[in-house]
Amino acid sequence: MALSTRYNPQEVESKWYDHWMEKNYFHSEPDEREPFSIVIPPPNVTGVLHMGHMLNNTIQDILIRKARLEGKNACWVPGTDHASIATEAKVVKKLRAEGIKKSDLTREQFMEYAFEWKDKYGGIILDQLKRLGASCDWERTRFTMEPKLSKAVLHVFVDLYRKGKIYRGKRMTNWDPEALTVLSNEEVIYKDENSKLNYVRYPIEGMEGEGITIATVRPETILGDTAIAVNPKDERYQHLVGKKAIVPMVNRAVPIIADRYVDMEFGTGALKITPAHDMNDYEIGQKYDLPIIDVLNDDGTMSEAAQFYIGMDCYEARKRIVKDLEASGHLIKIEDYRNKVGRSERTDAVVEPRLTEQWFVDMKGFAKTALEAVDKKEVTFYPSHFWNMYYSWLREENIRDWCISRQLWWGQRIPAWYYEDHFFVAETAEEALAQAKEKTGKANLTLDDLRQDEDVLDTWFSSWLWPISVFDGFESPEELKYYYPTNTLVTGWDIMFFWVARMIMSGYEWSESLLGPEMIAQKGRQPFNDVYFTGMVRDNKRRKMSKSLGNSPDALALIDNYGADGVRFGMLSSGAAGNDIIFDAPFDKDTNAVLNESKLCEQGRNFCNKMWNALRLIKGWEVSETAASEEKARINTLAIQWMNNRLQEVIAEIEGNFKEYRLSDALMALYKLIWGDFCSWYLEMIKPDYGKPIDAGTLEATLDIYEELMTTLHPFMPFVTEEIWHQLRDRLEGEDCIISTFPNAKAADADQINRIEAAKSIVSNIRDTRNTKGIKMKEALNVFVQESDRSKALFAQAGLKAMIIKMANLEDLNFTTEDIDNSVSFLVGTEKFYVALKETIDTAAECAKLQKELEYYEGFLVGVRKKLGNERFVNNAPEAVVAKERQKLADGEAKIKSIQETMAQYGCG
RNA sequence: GGGACAUUAGCUCAGUUGGUUUAGAGCGCAUGCUUGACAGGCAUGAGGUCGGCGGUUCGAAUCCGCCAUGUCCCACCA
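K.L.:
What am I meant to see in the overall build of chain A here?
P.N.:
Looking only at helices and strands, chain A features 28 helices and 31 strands. In terms of C-alpha radius of gyration, chain A reaches 37 Å, well past the compact-globule figure of 29 Å for 909 residues. Across the 909 residues in chain A, those meeting the buried criterion constitute 54%. Taking all contacts inside chain A whose residues are at least 6 apart in sequence as the whole, residues at least 24 apart take part in 77%. Approximately 41,300 Å² of chain A is accessible, and the part contributed by carbon and sulfur atoms is 48%. With 115 positive and 143 negative side-chain charges, chain A shows a separation of 3 Å between the mean positions of the two kinds.

Have a look at this one:
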């Protein structure tokens, strides 16, 4: 069968993915083998594949595929997250477009629409992952809101409540006026924004002409002021403390209080206190027992309590009140100002501090546990410096309780039922009813008398159980006993606190009761042993890729263009763990559209093509059963030995890389091994003359090597390796690269490798001479080497001379004891080589070249001599280091001598 | 305000306990190559006083201090 000159990923990829699925290779069941498990960071159910997912999942797939090749029971559990705020927002928007308001629907109706949407659009992303080659166990696909996982969530809620770790309370919380729900502190993103600092003067009650001026960026909240505060040490305001200021517009008399919280340096040193709309003001309000006047509605419009601008959006009200204050003479001045504004992570709406009644998880104990787990390396972070960020989040003084209730419908409804002024927490309404009956003594209560909490739980309250719940751990821990702890979690550092820390917390909280103390003693309580933090994917201007910027290439289009293997190569070769990935996707200046071009993916695609053409070369050879000529056989034997040595060397290197999660280094090592050593050198060494056959022994050895290369590369580039692996030899049913055996590194003969490196260097030098002298490759050259013990030892290696003759196209290569007339010389190590030329050589050019070389070595030796001349170095440095320096000196001197001789030969000045 | 990480060739990065490094890779660049695996290719080459200044050491890209620049995290400054 004739193979096309180009590798065609489209056909190959779908063919092999289907094949793997058919063979059920991705599926895992507990058995006697060592498990290797990974749980996917569940993407949002309504999400589409973006560059971050591609990076993330490529890495997971590499780890899983390697484990599979190592004979472990590899289990990669996929799934999606219900993403309550994001999904609910999408559904609300879609309904609005159809003229349906959420407020017109019942909870049940809304959920019906939402599930419809989820069934239609949900999970697209998982199919997209298949294009990337992700070898997830699709039979295990889970969803955070599916019945079993929801049941686990309720179980955990009740458990924590009973343990006293969940409480309900009225607190200042972050209100998202667009999503109409509270958020946890972590869901609020603070950014510097431009705003106006308004100076407003409040008259003093009973003191005509007196006033106190405050500065505020939120003048509309003046309507809710219930005090003015100054620093007790501030002499400017001593006489006003204890007096009352008149709040403009509403003409409310509020106390002027003194509190150390107020910074005398800032603004005017006087601070308006609005307990309803500021975290700190709230605390001061508590301290001084100030009334709370909430001037905003939940949607961010002005409330009745504001008295003015009722129903108006607060930003509009802000503009209006400034004008009105100016008109009434209260406004002193306005300054430009930059301050931090908190916005909702999901909706980008400006978050409003608001006093609401919510459910919280007490984080003190959890944080301590999670901190210790990483500190004691029961969970290891890669790269390790992320410990710092983790620590700053979780340390006692920074940790805050986790607000877990959300005023949404899409999610797990809080399992608390109210009756009169009691509430009952239970996994089912029936249990709650039983509690209610007992508590109230009313035996005739029915379910209808109870009212379930309207709110749902934070999405992360289900995600934090993921490593346990995907194995149904809370229901029947059988599988969990096998797969827990999972091996590696691969995720972005941006959700370190949202997700990683909380999974660690939940793992430590529940694994022991689920697995039993014996198993815990053996395996530990951690949900995963290692965490590999990926960087953020950024564009070539270092901006984080995002939909709103439009700078994210279309992931699937990239796969179409370069093939999944090409894209995987591109993603991976971009950087080490934790480093941000600069993904060079250039912008079209005119259309502002991202071009789906990527140098790195192109490199990956070209790599596939290179391997494909090496295959074509090998498959194009005719095979001869008769042995090759003696000389050819020597070259081939030498080449095969060398290639095997190099292969072993690189396999050992890759093992080390994997241990440290240096996957891009591992891939690059293979890239260079395959393209450089295998294609450029090995195949050229053994290549038969045009039209001639290859001997069967050499071909078999070559196929063995190529096969091993494909197995080793398979985790990184699964499709092309599977295809080539099958093209190399006829395979039996069920014999596939994906389930072949990852090689163990065997000892490599370093001396042999060094000898071939020297030979390669000789060949390169001769080629360079051809280049600079304009001598065509076809023209055979005569080369000599200065006879010495070392040169004789080098050429004692069987086949080495013949190999150089072949690779450099030489007429002959012989020892000499004399300088060769009309030749160009070069050094490899300390050995001198002469390339005899037919034309007269350009002496001046040779002299210049030699002079430059001479200067380099002389400079080099200055340093070496200085070291060796230093008594303290000779006395203090380890003997081996000193010996090395002495060798450097001897070699350098020999080289200089040789260069000087050549210069004399040319008669250089 | 506190902290982390970075700064090495035109670009993106390696350089793992200081000594085979007057420093490596990939891409890019330059020069040459028209039949025979591959121009998505081959060969060869040119690029860097390792951000700056001090210090420790026989020896520093590597360890310490200060400074500069950048990225990010945390923090209640209206």
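K.L.:
For this particular structure, what's the right way to read the side chain of Arg-107?
P.N.:
Along the chain, the position of Arg-107 falls in helix 4 (residues 107-121). Residue Arg-107 is classed as buried on the basis of its relative accessible area, which comes to 11%. Not counting the four nearest positions on each side in its chain, Arg-107 is found in contact with Leu-408, Trp-409, Arg-413, Glu-454, Asp-455 and Val-456.

K.L.:
How do you make sense of a nonpolar patch on the surface when you look at a structure like this?
P.N.:
A cluster of nonpolar side chains, namely Val-48, Tyr-121 and Ile-124, defines an oily patch on the protein surface of about 220 Å² accessible area. By the secondary structure assignment, Val-48 is in the loop between strand 1 (35-39) and helix 2 (51-69).

K.L.:
What's the story with the sheet that holds strand 20 (residues 451-452) in this structure? I'm lost.
P.N.:
Sheet strands associate in pairs through backbone hydrogen bonding, adopting either a parallel or an antiparallel arrangement. If you walk across this open sheet you meet the three strands as 19-18-20, and the pairing is antiparallel. Whereas interior strands pair on both sides, the edge strands pair on one side only; in this sheet they are strand 19 (422-425) and strand 20. Both strand 18 (residues 416-419) and strand 20 contribute to a ladder of two bridges, which runs antiparallel. Paired with Tyr-418 across the strands is Arg-451, a residue of strand 20.

K.L.:
Whenever I open this one, the state of the cysteines confuses me. Can you help?
P.N.:
Defined simply, a disulfide is a covalent bond joining two cysteines at their sulfur atoms. As enumerated under the stated definition, the model contains one disulfide in all. Between the sulfur atoms of Cys-847 and its disulfide mate Cys-908 the distance is 1.8 Å. Between Cys-847 and Cys-908, the disulfide has an S-S torsion of -85 degrees and is therefore left-handed. With Cys-847 in helix 26 (residues 843-869) and Cys-908 in the segment after helix 28 (879-906), this residue pair connects regions lying 61 residues apart in the sequence.

K.L.:
Would you mind showing me how to read the protein's contact with RNA strand B here?
P.N.:
Around RNA strand B, a shell composed of 60 residues is seen, among which Asp-263, Phe-266, Tyr-337, Gly-859 and Phe-860 lie nearest. Of all atoms in RNA strand B that approach within 4 Å of the protein, 60% are sugar or phosphate atoms. In the environment of RNA strand B, a base nitrogen lies 2.5 Å from a nitrogen or oxygen atom belonging to the backbone of Asp-263. Contact between RNA strand B and Ala-614: a base nitrogen at 3.2 Å from a main-chain N or O atom of the residue. Ranked by residue count, the leading element in the surface near RNA strand B is helix 18 (residues 599-620), at nine residues. Its residues placed into classes, the surface near RNA strand B shows 24 nonpolar, 18 polar and 18 charged.

K.L.:
Would you mind going over unusual backbone geometry with me for this structure?
P.N.:
A cis amide bond links Tyr-382 to the next residue, Pro-383, at an omega of -10 degrees. Mapping Pro-383 onto the fold places it in the loop between strand 15 (380-382) and helix 10 (386-394). Cis peptide bonds are those with omega within 30 degrees of zero, and the linkage from Tyr-484 to Pro-485 qualifies with -5 degrees. One can find Pro-485 in the loop between helix 14 (478-483) and strand 22 (486-492). Backbone geometry at Asn-251 places phi at a positive 50 degrees, although glycine is not the residue there. Mapped onto the elements of the fold, Asn-251 is located in the loop between strand 10 (244-247) and strand 11 (252-258). Even without a glycine there, the phi angle at Asn-822 is positive, about 50 degrees. Relative to the elements of secondary structure, Asn-822 occurs in the loop between strand 29 (810-816) and strand 30 (823-828).

K.L.:
I tried to follow helix 10 on my own but got confused; where do I start?
P.N.:
By the burial criterion, the buried members of helix 10 are Phe-386, Tyr-390 and Leu-394. Buried positions in helix 10, seen along its axis, are confined to an arc of 60 degrees and lie on one side of it. Considering only its buried residues, helix 10 is in contact with helix 9 (364-375), strand 15, helix 15 (496-515) and strand 23 (528-534).

K.L.:
Could you clarify how one ought to interpret the nonpolar core in this entry?
P.N.:
Side chains of nonpolar character tend, in soluble globular proteins, to be buried together. Judged by nonpolar contacts, the single largest core of 207 residues is most densely connected at Phe-461, Tyr-706 and Phe-716. With 15 residues, helix 20 (residues 663-686) is the largest single contributor of residues to this core. Apart from the residues lying within four places of it in its own chain, the contact partners of Tyr-706 are Met-611, Trp-612, Ala-614, Leu-615, Ile-618, Phe-678, Ile-724 and Leu-728. Counting residues in hydrophobic clusters, the runner-up holds 31 residues, among them Ile-222, Tyr-309, Val-322 and Leu-331.

K.L.:
I keep staring at the packing of helix 2 against helix 17 (residues 555-572) and nothing clicks. Help me out?
P.N.:
Helices that pack against each other are described as a pair by the angle of their axes relative to one another and the distance between those axes. Axis separation between helix 2 and helix 17 bottoms out at 10 Å; the angle between their running directions is 55 degrees. Of the possible angle classes, the one that applies to helix 2 and helix 17 is oblique. As helix 2 runs across helix 17, the sense of the crossing is right-handed. Taken together, the residues of helix 17 that come into contact with helix 2 (itself represented by Met-51, Met-54, Leu-55, Thr-58, Ile-59, Asp-61, Ile-62 and Arg-65) are Ala-555, Leu-558, Ile-559, Val-567, Arg-568, Met-571 and Leu-572. Partitioning the contact of helix 2 with helix 17 into residue classes produces eleven nonpolar, one polar and three charged.

K.L.:
Help me out: how do you make sense of the pairing of strand 9 (residues 227-230) in this one?
P.N.:
Where a strand is regular, its side chains alternate between the two sheet faces. Where burial is concerned, the two faces of strand 9 agree: the one with Ala-227 and Ala-229 and the one with Ile-228 and Val-230 are both buried. In this sheet, strand 12 (residues 270-273) lies alongside strand 9 in antiparallel orientation, the contact comprising four bridges. The partner of Val-230 across the bridge, within strand 12, is Ala-270. Where strand 9 lies against strand 11, three bridges are found, and the strand directions are parallel. Among the inter-strand pairings, Ala-229 is bridged to a residue of strand 11, identified as Ile-257.

K.L.:
What's the story with the side chain of Gln-412 in this structure? I'm lost.
P.N.:
Examined against the element boundaries, Gln-412 turns out to sit in the loop between strand 17 (405-406) and strand 18. Residue classification places Gln-412 among the buried residues on the basis of a relative accessible area of 4%. Polar contacts involving the side chain of Gln-412 include one to the main-chain carbonyl oxygen of Thr-144, which spans 2.9 Å.

K.L.:
Explanation requested: the confidence of the model for chain A in the structure shown.
P.N.:
Interpretation of this model should avoid reading the predicted coordinates in detail wherever pLDDT is low. Considering every residue of chain A, the mean pLDDT works out to 91; 97% of them sit at 70 or more. This model gives residues 587-593 a pLDDT under 50, and the stretch forms eleven contacts once residues within four places in sequence are excluded. Two numbers describe this predicted complex: its pTM, 0.94, and its ipTM, 0.95.

Parameters and conventions
Residues numbered from 1 in each chain as written. Chains lettered and ligands numbered in written order. Predicted model: local features only at pLDDT ≥ 70, side-chain atom pairs only at ≥ 80, totals over all residues. Heavy atoms only, no water. Helix = DSSP H or I, 4+ residues; strand = E, 2+ residues; numbered from the N terminus. Rg over C-alpha atoms; globule rule 2.2 N^0.38 Å. Buried < 20%, exposed > 50% of the residue type's maximum accessible area, 1.4 Å probe, protein only. Contact = heavy atoms within 4.5 Å. Areas by Shrake-Rupley, 256 points an atom, 1.4 Å probe, with all protein chains shown as cover. Lys, Arg positive; Asp, Glu negative; His and termini not counted. Charge placed at Lys NZ, Arg CZ, Asp CG, Glu CD. Patch = residues over 30% accessible without salt bridge, like charges linked within 9 Å, V, L, I, M, F, W, Y side chains within 5 Å. Salt bridge = Lys/Arg side-chain N within 4 Å of Asp/Glu carboxyl O. Pairing = 2+ DSSP bridges. Disulfide = S-S within 2.5 Å. Near = heavy atom within 4 Å. Polar contact = N/O pair within 3.5 Å; in protein donor to acceptor, adjacent residues only side chain to side chain. Nonpolar A, V, L, I, M, F, W, Y, C, P; charged D, E, K, R; others polar. Arc of directions from axis to C-beta. Core = buried A, V, L, I, M, F, W, Y, C linked by side-chain atoms within 4.5 Å. Axes fitted to C-alpha atoms, helices over the stretch in contact; angles between N-to-C directions. Parallel < 35°, antiparallel > 145°, perpendicular 65-115°, else oblique. Left-handed = near helix turned anticlockwise from the far one by under 90°. pLDDT = per-residue confidence, 0-100.

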